[in-house]
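Below are the chains, spelled out letter by letter.
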Amino acid sequence: MAFIDKKDPVVINIKLTSKGRELLASGNLSFDYYTIGDSEIDYNFIAETGLVPFDSTILRPADKNPNLLSFIPRNLSGDPYNVISNAPTAYQVINSIEPIGFFTNSGTTFITDSNHVKQPDAMVAMSGVSGGTILRLLKAPTFGTSGEEPAIGDLLLVKWACTQSTTGHTINVIYPTPYLTYKIEGVWGSFAANNLIVEVDRDLPNFSGITINSYAGALIYYNFINYSGSSIFNMSSTEYLDESVLSFLENSQCPTVIFPFWNMTIIFTEEIAGVTPDLLKFSQFDSRTYGGFVSYIQNQAPIYKKLGVIHYTNSSPANVYGEGFYLKTTVLDVPTIMWHKLTGSTTLGARFVPIGNLKMITGATTSLNAPYYDLADLQGNVVGKVFPELKIFVIEDQELLFAMSYKSNRSWTLPEYYAGTSVLPDCPPMTPVVMWKPISIANPNVSLVSREYCHSNTGGWITITNPSETVTLVGVYDTGYRVRVCNSDISNVPISIGTYNTSDNTTISVCGPATVLPATTCGICITNFNNIDDYYFTGTAS
Amino acid sequence: MNGNTLFISYVFKSFSGYSRAIHCNYIGRIELNEINPFIETIRFGFEDNFKFLNTNTSVATGYCAHEIHALVQLVQYSGVDDLSDVKPDPALWKTYDLTNQIQPLHTPGTPLSPAEMKSVVFEIPLLNYYGTGFTAYKLDYLNYPVVAETDKLSFGDEIYFFGNVTTDIKADVYVMELPINLLLNEFNSSTNPTWDSTRDESVAISEVGIYADVNGNKELVAIGKLNDPITKDSTISRTIVFAIDF
């Protein structure tokens, strides 16, 4: 039992009593009456001492709070119980929280504290890497923050770069390089003795024959989150509260730390191409226990058989994400992948955000009543879903999924392709940028009548209404261009159109010259043109 | 329903530099000639999206590869009700080397370039699907564990999301809000035995009780206490707001 801290302004300390919780549990809690009381006021004492009631110290409300001893009724002879008729109201609370994950400085620096990484300061001399699975690990120049040695089962993240040193904890986004995670399967020696050798789960790069003096930065992570000690690593791996919290046996020891990173589970409900009968089956994967989720999150009609789920699963009862993500404020940063759909420069990392309107997965008879946004990169390429109320991300893009998987041996995504049994144009192998440029007319007695273009999708000719306009399109084939001019001169006028490489203006093909007789109108036309590289149409009339 | 379906993707091979990585997992499907699929030639091409593919093994950025192979599986089916029931067998994939179709001819053993990837429409003649040129595909190049090696790293063993999550959060708060209006002529007396109506000009409010009606009995289910009792008399009107959030 304790007393209420004196505060300013006046506040009411409210407690649901044990009886209230009992009724809540049985579904019978209601608020029907209220009373106003002065049980802890001794008016005689106040009168004798001159104490101001405002200065009286009051006991905190208790679970098993005694009934009120005395009441202040509405009137002197009245019933102290007053009827409550108010209905509950609702409002929304919105808050921002700090980014949670393995990186800081907008995703450009590895966090190196012991809550995130076991040993952040290892490195590999790339000149000594020649394939195989045996790797010499060295102390990086920054070694010393952690004295931890690797153990079998730990995860080793190597920032490979061949001729570029990647030691330190900064991600140089303008140098996109493979960030590969290995499982350590053998350990000999130690950092302390400067003779550490590890064996990893798969073949390493082979840089033999290349003269390099650079070092690849490496970080060692715990392979599972059960670190015994005072760090948060002993606080996993369920999203439900500790049993101690639920049982009220140890509620003085409820851990309420903010767990500092998110989890990722890549779930397979079908075999990967290339898995022969002698190889490990998806039914043996650690993620097999999540198999039901793949069907559930797709409303029991799964389209994708492999899904990545990014979730905040831990045993801390801290309600970090409240009841959900607020609108489209969520940002998912993956700083270490090479995302092929990135437009513009070739930088490392990708950002994914919710786009569009809230959607709902509907089914023939049932609907998973969990709204989601499409999750897309900044160019609008949809890669999955974000469920704001479930507080999870689902990665559906199969390439992104495998680039995030350790065993894939690549942190880059591979692009799509076109394939079919027919010849072009049903199988366009390329997506050139096509431009339709104005025709050059040197003779002042020649005037442009019309410019038109077409391609695979137009279904006919489209007039370019502005004579000086250039039309630019991507992803079209079977292109065409036709021009009509009027010759008001007394002489014949030659007209020709052609196609040219955008990169160097070299001629690809020319149609013409055709002769436009005096006082006549004449047209010239190219159709069904295709080219691998970017090209443009233009022409001349003189 | 009878027919033939080809499942298709591609995979790079490397002989130096970065070790070989898993195939492209955008798996496509092509419905083939129902009678004789082996008369078909598959045409296969790329957009210009190999922006991280690097031709120089010794440079710092990107990745490199030395050969490109189509990854294909022909499934001949019969008695199928729905095409979605036609699925590839993970153990029956084959590779078909496309590298020698690159134009101009690619120098064997040298890294591929993005331009080479879109230089040609590759062709995969299915005539020899069960013969020369088509090689069985297996993930053993990833040191993929065998059935008994359940402790080895495999797919689905990821734990951490190597990234960051940033967001605003929300919570819906439901409030049982009870404004208690203490008018001038109300709540000015007390049943407290120490309160003397002839002596005490005011009462001191220290608590608010909330009750549920349980079978006619008034059960105290919530209690609110003021940290500083407030006085009330006929010259003062007050409002106490009692609110419980859920």
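Residues numbered from 1 in each chain as written. Chains lettered and ligands numbered in written order. Predicted model: local features only at pLDDT ≥ 70, side-chain atom pairs only at ≥ 80, totals over all residues.

Student: Explain the overall build of chain B here, please?
Tutor: The helix and strand tally for chain B stands at 1 helix and 12 strands. Going from the N terminus to the C terminus, chain B shows its helices and strands as β-β-β-β-β-α-β-β-β-β-β-β-β. Relative to its length of 246 residues, chain B is extended, with a C-alpha radius of gyration of 39 Å against a globular reference of 18 Å. In terms of principal-axis extent, the alpha carbons of chain B reach across some 115 × 55 × 40 Å. Across the 246 residues in chain B, those meeting the buried criterion constitute 46%. When contacts within chain B are restricted to residue pairs at least 6 apart in sequence, long-range pairs at least 24 apart make up 68% of them. (Helix = DSSP H or I, 4+ residues; strand = E, 2+ residues; numbered from the N terminus. Rg over C-alpha atoms; globule rule 2.2 N^0.38 Å. Buried ≥ 20, exposed ≤ 12 C-beta atoms within 10 Å, placed from the backbone. Contact = placed C-beta atoms within 7 Å.)

Student: Just checking my understanding: could you explain the overall build of chain A for this structure?
Tutor: The helix and strand tally for chain A stands at 5 helices and 32 strands. Counting only residues that meet the buried cut, chain A has 36% of its 542 residues in that class. Taking contacts inside chain A between residues at least 6 apart in sequence as the whole, the part at least 24 apart equals 66%.

Student: Just to check I follow, could you spell out the nonpolar core for this structure?
Tutor: The tendency in soluble globular proteins is for nonpolar side chains to be buried as a group. In this structure, Val124, Leu156 and Ala218 of chain A are the most contacted members of the largest nonpolar core, which totals 129 residues. Not counting residues up to four positions away in its chain, the partners in contact with Val124 of chain A are Val129, Leu135, Leu137, Leu138, Val158, Tyr215, Ala216 and Ala218 of chain A. Ranked by size, the runner-up nonpolar core spans 27 residues in total, among them Tyr34 and Tyr43 of chain A together with Val208 and Ile210 of chain B. (Core = buried A, V, L, I, M, F, W, Y, C linked by C-beta atoms within 7 Å.)

Student: Is there a simple way to explain the pairing of strand β6 (residues 122-125) of chain B in this structure?
Tutor: It is a general feature of regular strands that their side chains alternate between the two faces of the sheet. Residue and element names in this part refer to chain B. Burial along β6 is one-sided: the face carrying Phe122 and Ile124 is buried and the face carrying Glu123 and Pro125 is not. Note that strand β3 (residues 41-46) and β6 share 4 bridges and pair antiparallel. Across the sheet, residue Phe44 finds its bridge partner in β6, namely Phe122. (Pairing = 2+ DSSP bridges.)

Student: Please explain the interface of chain A and chain B as it appears in this structure.
Tutor: When the parts come together, some accessible area is lost, and that loss is often what is quoted as the size of the interface. In this complex, chain A contributes 156 residues to the contact, which on the side of chain B involves 121 residues. Per-element tally for the side of chain A that touches chain B: the top contributor is strand β4 (residues 89-96) of chain A, with 8 residues. Considering only residue class, the side of chain A that touches chain B consists of 84 nonpolar, 47 polar and 25 charged. Bridge count between β4 of chain A and strand β9 (residues 168-182) of chain B: 8 bridges; the pairing is antiparallel. Its bridge partner lying in β9 of chain B, Gln92 of chain A is registered against Asp172 of chain B. (Nonpolar A, V, L, I, M, F, W, Y, C, P; charged D, E, K, R; others polar.)

Student: I tried to follow the sheet that holds strand β10 (residues 138-139) of chain A on my own but got confused; where do I start?
Tutor: Consider a sheet: its strands pair through backbone hydrogen bonds, and that pairing is either parallel or antiparallel. All names here are of chain A. Taken together, the 7 strands give an open sheet; going across it, the order is β9-β13-β12-β11-β14-β8-β10, and neighbouring strands pair in antiparallel fashion. With one partner strand each, in any of the chains shown, β9 (134-136) and β10 form the two edges of the open sheet. Relative to strand β12 (residues 179-188), strand β11 (residues 155-159) runs antiparallel, the two being bridged by 5 bridges. What sits directly across from Lys159, in β12, is Tyr179.

Student: What's the story with unusual backbone geometry in this structure? I'm lost.
Tutor: For residues other than glycine, phi is negative in most cases, and the peptide bonds are mostly trans. Here the amide bond leading from Gly512 of chain A into Pro513 of chain A is cis, since omega sits at 5°, within 30 degrees of zero. If you trace the backbone, Pro513 of chain A turns up in strand β30 (residues 507-516). Note that the residue after Gln103 of chain B, namely Pro104 of chain B, is joined by a cis bond; omega there is -10°. With respect to the helices, strands and loops of the structure, Pro104 of chain B is situated in the loop between β5 (94-97) and α1 (114-117). Unusually for a residue other than glycine, Asn528 of chain A sits at a positive phi of about 50°. Its place among the elements puts Asn528 of chain A in strand β31 (residues 520-529). The class for Asn528 of chain A is partly exposed, based on 13 C-beta atoms found within 10 Å. Unlike most non-glycine residues, Asn215 of chain B shows phi in positive territory, near 55°. Following the sequence through the fold, Asn215 of chain B ends up in the loop between β10 (203-214) and β11 (217-232).

Student: Help me understand the domain arrangement of chain A, please; the structure alone is not making it clear to me.
Tutor: Partitioning chain A into structural domains gives domain 1 (1-90), domain 2 (103-221), domain 3 (263-311 + 323-408) and domain 4 (433-541). On a C-alpha basis, the centroid separation for the pair domain 1 of chain A and domain 3 of chain A is 51 Å. (Domains from an automatic or database assignment.)

Student: So what exactly am I meant to see when it comes to the domain arrangement of chain B here?
Tutor: Looking at chain B, the domain boundaries give domain 1 (3-142) and domain 2 (175-245). Relative to domain 2 of chain B, the C-alpha centre of domain 1 of chain B lies at a distance of 80 Å.

Student: Would you mind going over the environment of Tyr160 of chain B with me for this structure?
Tutor: With respect to the helices and strands, the residue Tyr160 of chain B is situated in the loop between β7 (134-136) and β8 (164-166). Classification of Tyr160 of chain B by C-beta neighbours within 10 Å gives buried; the count is 20. With 29 residues separating them in the primary sequence, Tyr160 of chain B and Gly131 of chain B have C-alpha atoms 44 Å apart. Contacts of Tyr160 of chain B, omitting those with residues within four sequence positions, involve Phe102, Tyr221, Phe261, Asn263 and Met264 of chain A.

Student: Just checking my understanding: could you explain the environment of Glu158 of chain B for this structure?
Tutor: You can see Glu158 of chain B is positioned in the loop between β7 and β8. Residue classification places Glu158 of chain B among the buried residues on the basis of 23 C-beta atoms within 10 Å. Spatially, the C-alpha atoms of Glu158 of chain B and Asn100 of chain B are 37 Å apart, while their sequence positions differ by 58 residues. Excluding residues that lie within four positions of it along the chain, Glu158 of chain B makes contacts with Met264, Thr265, Ile266, Ser405 and Tyr406 of chain A.

Student: Mind showing me how you'd approach the environment of Asp154 of chain A here?
Tutor: Residue and element names in this part refer to chain A. Summarising the element assignment, Asp154 is placed in the loop between β10 and β11. For the pair Asp154 and Tyr222, spaced 68 residues apart in sequence, the C-alpha separation works out to 4.9 Å. Residues contacting Asp154, with those up to four places away along its chain left out, are Lys118, Ile184, Ile220, Tyr221, Tyr222 and Asn223.

Student: When you look at the confidence of the model for chain A in this model, what are you seeing that I'm missing?
Tutor: Residues and elements named next belong to chain A. In the predicted model, chain A carries a mean pLDDT of 84, and the fraction of residues at 70 or more is 87%. Looking across chain A, the model is least confident in helix α3 (residues 243-247), with a mean pLDDT of 40, and most confident in strand β13 (residues 197-200), with 97. Long-range and interchain partners of residues 226-254, a stretch whose pLDDT sits below 50, account for 42 contacts in this model, where long-range means more than four residues apart. Contacts of residues 423-430 to residues separated by more than four positions or lying in other chains number 27 contacts, the stretch itself having pLDDT below 50. (pLDDT = per-residue confidence, 0-100.)

Student: Would you explain the sheet that holds strand β23 (residues 417-420) of chain A in this entry?
Tutor: One open sheet holds the 3 strands; their spatial order is β23(A)-β3(B)-β6(B), and the pairing between them is antiparallel. Looking along the sheet, the strands with just one partner apiece sit at the ends: β23 of chain A together with β6 of chain B. The average undirected angle you get between the axes of adjacent strands in this sheet is 20°. (Axes fitted to C-alpha atoms, helices over the stretch in contact; angles between N-to-C directions.)

Student: Looking at this structure, I do not really get the confidence of the model for chain B. What am I missing?
Tutor: Low-confidence regions, as indicated by low pLDDT, have predicted coordinates that should not be scrutinised in detail. Residue and element names in this part refer to chain B. Predicted confidence across chain B gives a mean pLDDT of 89, with 98% of residues reaching 70 or more. The lowest-confidence element of chain B is strand β12 (residues 238-245), averaging 79 in pLDDT; the highest-confidence one is β5, averaging 97. For this predicted complex, the interface confidence comes out at an ipTM of 0.83, alongside a pTM of 0.74.

Student: So what exactly am I meant to see when it comes to the pairing of β12 of chain A here?
Tutor: For β12 of chain A and β13 of chain A, the ladder comprises 4 bridges, and the chain directions are antiparallel. In the sheet register, Trp188 of chain A faces β13 of chain A, and the bridge partner there is Ile197 of chain A.

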